[in-house]
Amino acid sequence: MGISQSKLTAELKQALQDQLDKALKGVKKTDLDDVGQLAVDGIRDLVAKGVSPIEGSGRFPAYVKASDGGYPLTVRKKYPGKKPRPVNLRLSGKFMDEGLDFRSNVGKLTVDVGYFDKDSISKEQGHREGAKGQAERPTIPQGGQTLAQTIIRNLERQVQAIMNKLKA
Amino acid sequence: MAKSGLTKDKIYYEFDPFKLAGVKPPKGSIQEAKEAIANYVKEQVLSYIGQGESPVEGGDWKKKISPEYAKRKKELSSSLFANMELTGEMLDALDVVLKQGKKLSLQITGKDQVAKADGHNNFSGKSELPERDSIPNTKKGQTFKDDIIAGIRDIIEGFEEDSGD
């Protein structure tokens, strides 16, 4: 007695899914940490150059009224290194250097990238919404947004490397 | 075929990303692929310039700036090397736009910004400033750095995988 095409397809799909599930059990926390660190480094690198880490957003808009003595010239006594260019969201450096971080979960196979302390969450909101009359400069994708292609390319290569390691 | 050019209002490098990467366009999603590649190329070009390097294969880039210019730049910028950003207006005028068919154009537009861009790219042949190639010049046989082209290829191949072909 023959087997129907649909049953065969379903069985093959299930077999492939089982293989994939089995392979994914080999993913280690350090693998996910590498992915998270790559995302954090990619965001930091673009922001440091005044480029948005959100796909299609281009360069961050200039600091509002910087040429009329507004921010960041208003803080130059406390932060003499802060200049109107590049627009790199860097004042003390804490927001990008320490605030931006990741959390990986090997059970769920997820990596969350973002800000996890109260102070940084508040700063992120300020940049995202454009506080104190500044332009909006989000650093974490929202809704239908995604990370810049440059970062995505690196993440895809890293995930592929993990998959290759699992196959070996 | 790629072509570069200079007009009063535009300095540009127009290219077919599929030919450049040596990959066939993905069926049914050429437009989406072009948009993703345009975003990627813009990020990459800005990223190279931002770290004081040319995005052009074999392109010139004198990273050091003169002491006189450094003194002036120090007032406005925390990057005291050649990153093409003093006021930021020239780089704000840089874009990668979708052209007809399969082509894209990396370009800087606006009379004042084009003059600044030509000062370093020297498409006109009249500039005496240190050459810093941010836009490939086809008259010199230039194109993007290999890793930018490799990234373009990855994006196109990703679309092929997505379409299930």
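Rules used throughout
- Residues numbered from 1 in each chain as written.
- Chains lettered and ligands numbered in written order.
- Predicted model: local features only at pLDDT ≥ 70, side-chain atom pairs only at ≥ 80, totals over all residues.
- Heavy atoms only, no water.
- Helix = DSSP H or I, 4+ residues; strand = E, 2+ residues; numbered from the N terminus.
- Rg over C-alpha atoms; globule rule 2.2 N^0.38 Å.
- Buried < 20%, exposed > 50% of the residue type's maximum accessible area, 1.4 Å probe, protein only.
- Pairing = 2+ DSSP bridges.
- Axes fitted to C-alpha atoms, helices over the stretch in contact; angles between N-to-C directions.
- Contact = heavy atoms within 4.5 Å.
- Core = buried A, V, L, I, M, F, W, Y, C linked by side-chain atoms within 4.5 Å.
- Phe/Tyr/Trp six-rings, centres within 6.5 Å; stacked < 30°, edge-to-face > 60°.
- Lys NZ or Arg CZ within 6 Å of the ring centre and 35° of its normal.
- Polar contact = N/O pair within 3.5 Å; in protein donor to acceptor, adjacent residues only side chain to side chain.

(A) Structural detail: the overall build of chain A. Within chain A, the regular secondary structure consists of five helices and two strands. When the elements of chain A are put in sequence order from the N terminus, they spell out α-α-α-β-β-α-α. Taking 168 residues into account, the globule formula puts the C-alpha radius of gyration at 15 Å, and chain A, at 22 Å, lies well above it. Seen through its principal axes, chain A has C-alpha atoms that stretch 85 × 30 × 25 Å. Within chain A, the proportion of its 168 residues that are buried is 35%.

(B) Summary view of the sheet that holds strand β1 (residues 3-6) of chain B. All names here are of chain B. The sheet built from four strands is open, its strands ordered β1-β2-β4-β3 with antiparallel pairing. Of all strands in the sheet, those with a lone pairing partner are β1 and β3 (94-98), marking the two edges. On average, adjacent strands in this sheet sit at an angle of 15 degrees to one another, irrespective of strand direction. Summarising the sheet, strand β2 (residues 10-15) and strand β4 (residues 104-109) pair through six bridges and their orientation is antiparallel. The partner of F15 across the bridge, within β4, is L104. The strands touched by helix α2 (residues 30-50) are β2, β3 and β4; relative to β3, the strand with the most contacts, the crossing angle is about 165 degrees.

(C) The nonpolar core, seen in detail. If you look at the biggest cluster of nonpolar residues, it comprises 66 residues, and the most contacted ones within it are A:I43, B:I37, B:V41, B:L94, B:I108, B:F144 and B:I152. Ranked by residues supplied to this core, first place goes to α2(B) with ten residues. Setting aside its immediate chain neighbours within four residues, B:I152 contacts B:P17, B:L20, B:A21, B:I37, B:Y40 and B:V41.

(D) A look at the packing of aromatic side chains. A full pass over the atoms with the stated rule returns five aromatic pairs over all chains. Considering the side-chain rings of A:Y63 and A:Y71, the 5.3 Å spacing of their centres and the 80 degrees angle between planes classify their relative orientation as edge-to-face. Here A:Y63 falls in the buried class, since its relative accessible area comes to 6%. Taken together, B:Y13, B:F15 and B:F144 form an aromatic cluster joined through their ring pairs. If you follow B:K10 out to its NZ or CZ, it ends over the ring of B:Y12, 5.0 Å from the centre.

(E) Highlighting the side chain of A:S104. Residue and element names in this part refer to chain A. Secondary-structure assignment places S104 in strand β1 (residues 100-105). Among the residues examined, S104 registers a relative accessible area of 15% and is labelled buried. Of note is the side chain of S104, whose polar atom sits 3.3 Å from the side chain of K29. Side chain to side chain, S104 and D33 meet in a polar contact 2.5 Å long. In contact with S104, not counting residues within four places along its chain, are K29, L32, D33, T110 and V111.

That is the geometry; function is a separate question.
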